[in-house]
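Examining the three-dimensional arrangement
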Amino acid sequence: MTTCSDALRLILDSVVPLPARPTPLFDALGLVLAERVISPETVPPFTNSAMDGYAVRADDLSSAMAASPALLDVLADLPAGSVATHEVAPGTAIRIMTGAPLPADADSVVPVEATTSEGSRVRITAPVKRGANVRLAGEDLREGEELLPSGFALTPAALGILASVGLAQAPVRPRVRVAILTTGDELVDASARPGPGQIRDSNVQTMCGQAAAFGAVPIPIPRVPDTREAVTAALNRARAEADVVVTNGGISVGDYDFIKAVLGDFGAREVFWKVKQKPGGPLGFWLWDGTPVFGIPGNTVAAMVCMEEYVRPALRKMMGHGRLLRPEVTAVFEGEFRKSAPDGKVHLIRVRARREGDRVVVSPSGPQGSGILSSMLRSNALALVPADALALRAGDEVLVHLIEEPEDR
Ligand code: AMP
Ligand code: MG
């Protein structure tokens, strides 16, 4: 049996980032740049007005005051998107809208609120500082400067920067396509009424939901009956359609657990099977002609915990992220937890974490059976009860993974 930390290391050592491809900006949010981006252009591309008002020469207003206002001839109206055909000669102004290019020989913009229109002229009763309300060409971004470093996960602002310099596609690593393959003769769809001994397939929802939340593309494979033939066909289909295959259920030592055997038939290399942990002890990991395959046990919480602790970091590495792991903090335990027997396994228990001053306090979010999803729903962290510990008591320190916080390592 493998330890949790060895299992994670073996997985991360086995997966590599997907090749980058030019991706339209609308599809690129959250994806990671495979190379740095140099600006091919300057932003703003031309000097323009920051306000609706009048483009003027500051010199014309140097002695303007209420008692002796400046009266300037208004030569034209300049909406955004148009270019002036007049120069602003001494004693004149052009009515200008925000974003319109500053006309030649104007150097400042007086906001419309500070003016009074008088027929074909405008009255202004105060001087303007030269350059006021003008945005200079290139004041934001310069041609040739590094806009974004390699490894940057694109944010909405980054998408805007790329668009503003005319880069309509970004060189990012794609979302990993993850086939999710649930197995079990006892399972029916959420919309169906279960027959005797049957239950609904909830894992296909939690696991596809997690894959999507991780930034990957979940591909649900039609649920697989517990026969060797069905498992064989489904695994073939999953590998053809995805970059990563995640199977669920049928990975233990039951008489109808075929996943392991079929992966063996295919010649997939077993990297490990069984981890000293609870839930999720029967977790296995294979490389099948280069495709990573996770075999995750079927209990509802085991499925989610294995997705969170093992699949998520692997997908992040494949998508090019530098930080793969959630924050791990030492927290103070509140409440009571006891293993039913010493088992040499790390127990990942569902807890609710909260900050109290500079410490984190955690308490169990409900009963800890590996099929009890309601306590998963209420948890925001997993506490790692050490393999050699039998119990946690109030006030004990425990390592915790904050599973709703962004990766920091
Ligand atoms: P298995 O790992 O196939 O032995 O399944 C372990 C337990 O998880 C059994 O009680 C299954 O009924 C349950 N289970 C397996 N797959 C699912 C699923 N997709 N949705 C809900 N429960 C499941
Ligand atoms: Mg099963």
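If you're wondering where the values come from, they're calculated on a predicted model, not measured in any experiment.

Conventions adopted
Residues numbered from 1 in each chain as written. Chains lettered and ligands numbered in written order. Predicted model: local features only at pLDDT ≥ 70, side-chain atom pairs only at ≥ 80, totals over all residues. Heavy atoms only, no water. Helix = DSSP H or I, 4+ residues; strand = E, 2+ residues; numbered from the N terminus. Expected span 1.5 Å × (residues − 1). Buried < 20%, exposed > 50% of the residue type's maximum accessible area, 1.4 Å probe, protein only. Arc of directions from axis to C-beta. Contact = heavy atoms within 4.5 Å. Axes fitted to C-alpha atoms, helices over the stretch in contact; angles between N-to-C directions. Parallel < 35°, antiparallel > 145°, perpendicular 65-115°, else oblique. Left-handed = near helix turned anticlockwise from the far one by under 90°. Nonpolar A, V, L, I, M, F, W, Y, C, P; charged D, E, K, R; others polar. Near = heavy atom within 4 Å. Polar contact = N/O pair within 3.5 Å; in protein donor to acceptor, adjacent residues only side chain to side chain. Areas by Shrake-Rupley, 256 points an atom, 1.4 Å probe, with all protein chains shown as cover.

The terminal C-alpha atoms of helix α4 (residues 228-241), which comprises 14 residues, lie 20 Å apart, in line with the 20 Å expected from a rise of 1.5 Å per residue. Among the residues making up α4, those that are buried are Ala230, Val231, Ala234, Leu235 and Ala238. All buried residues of α4 fall inside an arc of 125 degrees around its axis, so they share one side. The outward face of α4, more than 90 degrees from its buried face, is lined by the exposed residues Glu229 and Ala240. On its buried face, α4 is in contact with β13 (177-183), β16 (217-224), β17 (244-248), α5 (259-265) and β20 (284-288).

For the pair helix α1 (residues 4-14) and helix α6 (residues 300-318), interaxial distance at closest approach is 9 Å and the crossing angle is 25 degrees. Accordingly, the angle class assigned to the pair α1 and α6 is roughly parallel. Our pair here, α1 against α6, has a crossing hand that is right-handed. Between α1 and α6, the residues in contact are Cys4, Ala7, Leu8, Ile11 and Leu12 and Glu309, Tyr310, Pro313, Ala314 and Lys317, respectively. In terms of residue class, the contact of α1 with α6 is built from eight nonpolar, no polar and two charged.

Of all residues adjacent to ligand 1, which total 15 residues, the nearest are Glu186, Asp201, Ser202, Gly250 and Gly298. At 2.7 Å from a nitrogen atom of ligand 1 is found a side-chain nitrogen or oxygen belonging to Asp201. A distance of 2.8 Å separates an oxygen atom of ligand 1 from a polar atom in the backbone of Gly298. When ligand 1 sits alone it has 490 Å² of accessible area, and the protein chains cover 76% of it. Its residues assigned to classes, the shell around ligand 1 shows three nonpolar, nine polar and three charged.

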